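Letter by letter, the chains look like this.
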Amino acid sequence: MIQSPNPTIRRLLLRMLRVQVQGADMLSEALEQGRVLIAANHVSYLDGVIIALASPSPLLFPVDTTFSRDSFLASRFLNMLQRFGWGEVVPMDSANPAALKTLKRRLDQGANVLIFPEGQISCDGRPTAEMPGTQWLASKTGARRLHLQIEGAQNSRLFGKSGREVWPAITLNFYVASRAGSALARTQEKASTQFSGA
């Protein structure tokens, strides 16, 4: 497994952002094997950044072209993450069906991919309907699917859509899902080794 560089800096940044990671050992073991599809809920503009910092191995991040190309600030920030070696950003046009084929090819090649199946940031932190294609991607690649529940980031006044706190505590909870997108085997690792403390 390719290690994300500068682990000390990543830990420091996670601590500064008050991020706690549960299921870190499980995540490391899965990424070691490769071909992992991480499906996360989407509650703030900070989600991708803290996931990149928490992952022990660089992930592939499909990002809508609205942010990865058209947004001056977002595109520069994403490029910075890539230069640090904390992930690879793949511009994706959600209106183009060929976009999923790009992700399928990369998963088939052994990449570990993060997706936000809901497609857009939740206004109140509650789950929204998944966009079509996530189940197809999992079944076509046979990738191991991990789920990630992000809690607390929606409360951020700076990065959430309706948050009221300046610097809320955030929890990333990774848990297991069975292969090929079948029924969840949600065995959470709440007492596992933590990557960083709040």
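Numbering of residues begins from 1 in every chain and follows the order in which that chain's sequence is written. Reporting in this predicted model follows two pLDDT cut-offs: at least 70 for local features of residues, and 80 or more for side-chain atom pairs to be given and counted; totals over whole chains, interfaces and linings ignore these cut-offs and use all residues. The basis for every side-chain value is the complete set of heavy atoms in the structure, and neither hydrogens nor water enter the calculation.

Participant: Mind laying out the packing of aromatic side chains, listing which residues take part and the relevant values?
Facilitator: Classification of ring pairs uses Phe, Tyr and Trp, with its six-membered ring standing for Trp, and accepts pairs whose centres are within 6.5 Å; under 30 degrees between planes counts as stacked, over 60 as edge-to-face, and the remaining range as tilted. Scanning all chains against the criterion turns up one aromatic pair. For the ring pair Phe 84 and Trp 86, a centre distance of 4.8 Å and an interplane angle of 15° mean the geometry is stacked. Categorising residues by exposure relies on relative accessible area from a 1.4 Å probe, with only protein chains included: less than 20% of the type maximum marks a residue as buried, more than 50% marks it as exposed, and the intermediate range marks it as partly exposed. Classification of Phe 84 by relative accessible area gives partly exposed; the value is 37%.

Participant: So what about a nonpolar patch on the surface? Which residues, and what values?
Facilitator: Only residues whose relative accessible area exceeds 30% and that form no salt bridge enter a patch; like-charged residues are grouped when within 9 Å of one another, and nonpolar side chains (Val, Leu, Ile, Met, Phe, Trp, Tyr) when within 5 Å. Accessible areas in this description were obtained via Shrake-Rupley with a 1.4 Å probe; residue shielding takes into account the shown protein chains only. For salt bridges, the criterion is a side-chain nitrogen of Lys or Arg within 4 Å of an Asp or Glu carboxyl oxygen. Residues Leu 158, Val 166 and Trp 167 make up a contiguous nonpolar surface patch of about 300 Å² in total accessible area. The numbering of helices and of strands both runs from the N terminus, where a helix is a DSSP run of H or I of at least 4 residues and a strand a run of E of at least 2. Looking at the element boundaries, Trp 167 is found in the loop between strand 6 (144-151) and strand 7 (170-176). In this structure Trp 167 comes out as partly exposed when scored by relative accessible area, which is 39%.

Participant: Can you lay out the confidence of the model for the protein for me, pointing to particular residues and giving the numbers?
Facilitator: What pLDDT expresses is the predictor's confidence in each residue, scored from 0 to 100. Across the protein, the average pLDDT comes to 83, with 88% of residues at 70 or higher. Considering each helix and strand of the protein separately, the mean pLDDT is smallest for helix 4 (residues 65-68), with a value of 81, and largest for strand 1 (residues 19-22), with 97.

Participant: Requested: an account of the side chain of Thr 141, with residues and values cited.
Facilitator: Within the secondary structure, Thr 141 sits in helix 7 (residues 134-141). For Thr 141, a relative accessible area of 4% corresponds to the buried category. Here a polar contact means two N or O atoms within 3.5 Å. Within protein one must be a hydrogen donor candidate and the other an acceptor candidate, and residues neighboring in sequence count only if both atoms are side-chain atoms. At a separation of 3.2 Å, a polar atom in the side chain of Thr 141 contacts the main-chain amide nitrogen of Ala 143. Contacts are assigned to residue pairs that have any heavy atoms within 4.5 Å of one another. Here Thr 141 is in contact with Arg 35, Lys 104, Leu 107 and Asp 108, once residues within four sequence places are set aside.

Participant: Lay out helix 7 in plain terms, naming residues and giving numbers.
Facilitator: What helix 7 keeps buried is the set Thr 134, Leu 137, Ala 138 and Thr 141. The buried residues of helix 7 occupy one face: seen down the axis, they fall within an arc of 95°. Turning to helix 7, the residues buried within the fold contact strand 2 (36-40), helix 6 (98-108), strand 5 (113-115) and strand 6. One or two positions beyond helix 7, positive phi appears at Gly 142, with a value near 70°. Arc definition: it is the arc formed by the directions from the helix axis to the C-beta atoms.

Participant: With reference to specific residues and values, describe the pattern of salt bridges.
Facilitator: Scanning all chains against the criterion turns up two salt bridges. Where Arg 106 meets Glu 88, a salt bridge forms, and the shortest distance between an N and an O atom there is 2.9 Å. Here Arg 106, found in helix 6, pairs with Glu 88, found in strand 4 (residues 87-92); they are 18 residues apart in sequence, far enough to count as distant. Look at Arg 106 and you get partly exposed, because its relative accessible area is 22%. Put simply, Asp 108 and Lys 104 hold a salt bridge, and the shortest N to O gap is 2.8 Å. In this pair, Asp 108 and Lys 104 are both assigned in helix 6, four residues apart and thus about one turn of the helix distant. For Asp 108, a relative accessible area of 39% gives the class partly exposed. Lys 104 gets classed as partly exposed once you look at its relative accessible area, which sits at 25%.

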